[in-house]
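Descriptive analysis of the structure
Below, each chain spelled out in residue letters.
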2 protein chains.
Amino acid sequence: MRPHAGVDDVLQVLTQVVEQIEVMWERSKDVSPAPISVSQLRVMFVLEKSSGTNLRALGEALDAAPSSVSRLCDRLQAVGFLDRALSPTSRREVELSLSERGRAYLLDLRERRREHLREIVGELPPAARSTLVSGLRKFRDAATSVHPLEDGHDEAGSQSA
Amino acid sequence: MRPHAGVDDVLQVLTQVVEQIEVMWERSKDVSPAPISVSQLRVMFVLEKSSGTNLRALGEALDAAPSSVSRLCDRLQAVGFLDRALSPTSRREVELSLSERGRAYLLDLRERRREHLREIVGELPPAARSTLVSGLRKFRDAATSVHPLEDGHDEAGSQSA
DNA sequence: TATTGTTATACTCTATAACTATA
DNA sequence: TATAGTTATAGAGTATAACAATA
């Protein structure tokens, strides 16, 4: 009597899965040599993709005030994950970029996050993986078409096998 | 030559979808009459399911120090979302619970979050919804079996249609 | 003068430690 | 004394506003 899943069925399970993953990812946060705050991590995510931006642009990307970003950069620089360089074109701007250690940290964090998911996905039989990928891709595409500019894609490390 | 999706295919799309949803949910955060911080929201989520607990237990549930929780409760009480009552059994304990307004706020927030998802899920044809639900349920169950105690289920409002 | 980045100040969150009051 | 809760005190994130330096 229920040939296809209703919208509310999807909402329920989708919510559960997202919350499960959020809990898992929370747990892979602290396992680092230099514990980084969530805000600092956001800075690193942005800088990874737009290396060399100035402080103002970084603030806009984060939707944060310049002063806040300045302080965040202070601390990231202090732990050696960020480089502040004077801009060669304008002496009142800075060029912000991740240091080598900063990049290494991000790769490491991503790997830990994926490892948590892999542990679970690896349990699924091949047919279930295909079903899941198929459903998720349709959701992703629908989400992208509804909110074209607001997708939070993570391109790094997304090489298909 | 690829009869079924590989594990890395799943990881890629799953990561994308979770990040999309996190971005969406972030946006439904500030649309409230009394803006609540993330920490305060966590308090409310816990209290919703364990009404009447004392401050110590709440702190353990949040993995936060008692003093932090005390301050969080101060502010939640100030905006009228939380009630502090003296325990009838032990005069050194308090009974923490959500006020009526607090509960109403949570319901409202949940509805906003679901509305964001519903907008997208509603776009999917029925067959795609079924595929998605099927795949997600298998993931959820696998996740629950791998991490039995760490599931972040959201039972409220999960009535199936 | 307008812009970039940094401090000054203030508020919230967080934690450890000290304190009060109960058991 | 041991425990529950609340204050000190301190450090980090956030924002607005004031400030320095540059364009």
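Up top is the structure.
Model, not experiment: these values are computed from the prediction.

Thoughts on the environment of glutamine 40 of chain B
Residues and elements named next belong to chain B. Residue position: glutamine 40 is located in helix α2 (residues 38-49). Judged by relative accessible area, glutamine 40 falls into the buried class, the value being 10%. Separated by 41 residues in the primary sequence, glutamine 40 and phenylalanine 81 have C-alpha atoms spaced 9.9 Å apart. Setting aside anything within four residues of it in sequence, one finds glutamine 40 in contact with Leu72, Arg75 and Leu76. Polar side-chain contacts of glutamine 40 include one of 3.1 Å to the backbone nitrogen of serine 37.

Focus on the nonpolar core
Among soluble globular proteins, nonpolar side chains are generally buried collectively. Counting residues in each nonpolar core, the largest one holds 42 residues, and the members touching the most others are Ile21 and Phe139 of chain A together with Ile21 and Phe139 of chain B. Beyond its immediate sequence surroundings of up to four residues, phenylalanine 139 of chain B is in contact with Val17, Gln20, Ile21, Met24, Leu117, Ile120, Val121, Leu124 and Leu132 of chain A together with Leu14 of chain B. Core analysis: the next-biggest nonpolar cluster, separate from the first, contains 21 residues, Ala34, Leu55, Tyr105 and Leu109 of chain A among them.

A few points about the interface of chain A and chain B
Every contact between the two is made by 63 residues of chain A and, on the other side, 63 residues of chain B. Interface of chain A and chain B: buried area, both sides summed, is about 6,500 Å²; carbon and sulfur atoms make up 68% of it. Counting the contacts that link chain A with chain B gives two salt bridges. A salt bridge links aspartate 8 of chain B to arginine 118 of chain A; its shortest N-O distance comes to 2.8 Å. Taken together, the elements giving at least two residues each to the side of chain A that touches chain B come down to α1 (7-27), α5 (100-121) and α6 (126-146) of chain A. Here the side of chain A that touches chain B takes 20 residues from α1 of chain A, the largest share from any one element.

Regarding the packing of helix α3 (residues 55-62) of chain A against helix α4 (residues 66-78) of chain A
Residues and elements named next belong to chain A. Axis separation between α3 and α4 bottoms out at 9 Å; the angle between their running directions is 105°. The pairing of α3 with α4 is recorded here as roughly perpendicular in orientation. Across the interface between the two elements, Leu55, Arg56, Leu58, Gly59 and Leu62 of α3 pack against Pro66, Val69, Ser70 and Cys73 of α4. By residue class, the composition of the contact of α3 with α4 is six nonpolar, two polar and one charged.

Some words on the protein's contact with DNA strand C
The full set close to DNA strand C counts 24 residues, and Arg92 of chain A together with Ser37, Ser67, Arg75 and Arg92 of chain B are the nearest of them. Here, DNA strand C places atoms within 4 Å of the protein, and 62% of those atoms are sugar or phosphate. The contact in question runs from a phosphate oxygen of DNA strand C to an N or O atom on the backbone of valine 94 of chain A, over 3.0 Å. Mapped by element, the contributors of at least two residues to the surface near DNA strand C are α3 and α4 of chain A together with α2 and α4 (66-78) of chain B. In terms of residue class, the surface near DNA strand C is made up of six nonpolar, nine polar and nine charged.

Looking at the relation of the copies chain A and chain B
Once chain A has been moved 0.0 Å along the axis and rotated by 180°, it coincides with chain B to within an RMSD of 0.1 Å. Classification of the inter-copy transformation places it as that of a two-fold axis. Mapped onto chain B, 100% of the interface residues of chain A again fall at the interface, so both copies present the same surface.

Observations concerning the protein's contact with DNA strand D
What surrounds DNA strand D is a group of 24 residues, the closest being Ser39, Ser67, Arg75 and Arg92 of chain A together with Arg92 of chain B. Within 4 Å of the protein, the atoms of DNA strand D are drawn from sugar and phosphate moieties in a proportion of 68%. Take serine 39 of chain A: an N or O atom from its side chain is 2.7 Å from a sugar or linking oxygen of DNA strand D. Note that a phosphate oxygen of DNA strand D is positioned 3.2 Å from one of the backbone N or O atoms of leucine 55 of chain B. Of all the elements in the fold, those that place two or more residues in the surface near DNA strand D are α2 (38-49) and α4 of chain A together with α3 (55-62) and α4 of chain B. Residues that form the surface near DNA strand D fall into these classes: six nonpolar, nine polar and nine charged.

Parameters and conventions
- Here the residue numbers are simple positions, counted from 1 along each chain's written sequence.
- All chains are assigned letters beginning with A, and all ligands numbers beginning with 1, in the order in which they are written.
- With the structure being a predicted model, the display of local features is reserved for residues of pLDDT at least 70 and the display and counting of side-chain atom pairs for 80 or more, all residues being used for whole-chain, interface and lining totals.
- Each side-chain value is worked out from all heavy atoms of the structure, with water and hydrogens disregarded.
- A run of H or I in DSSP becomes a helix once it reaches four residues, and a run of E becomes a strand once it reaches two; helices and strands are each numbered from the N terminus.
- Only protein chains enter the calculation, and the probe is 1.4 Å; a residue is then buried if its accessible area is under 20% of its type maximum, exposed if over 50%, and partly exposed in between.
- The criterion used for residue contact is that any of the two residues' heavy atoms lie within 4.5 Å.
- Polar contacts, as used here, are pairs of N or O atoms within 3.5 Å; protein pairs need one atom able to donate a hydrogen and one able to accept it. Residues neighboring in sequence count only if both atoms are side-chain atoms.
- Among the buried residues, those of types Ala, Val, Leu, Ile, Met, Phe, Trp, Tyr and Cys that are joined through side-chain atoms within 4.5 Å form a nonpolar core.
- Two parts lose some accessible area (1.4 Å probe) when they are put together, and adding that loss for both gives the buried area.
- Note on definitions: salt bridges are taken to be side-chain nitrogens of Lys or Arg within 4 Å of carboxyl oxygens of Asp or Glu.
- The axes used here are C-alpha line fits, helices contributing only the stretch in contact, and every angle between their N-to-C directions lies in the interval 0 to 180 degrees.
- Should an angle lie under 35 degrees it is considered roughly parallel, over 145 roughly antiparallel, and from 65 to 115 roughly perpendicular; all remaining angles are considered oblique.
- Each residue is assigned to one of three groups, with Ala, Val, Leu, Ile, Met, Phe, Trp, Tyr, Cys and Pro labelled nonpolar, Asp, Glu, Lys and Arg labelled charged, and all others, Gly among them, labelled polar.
- When we say a residue is near a molecule or strand, we mean one of its heavy atoms is within 4 Å of it.
- Superposition of the copies used a least-squares fit over C-alpha atoms from residues whose pLDDT is at least 70 in both.

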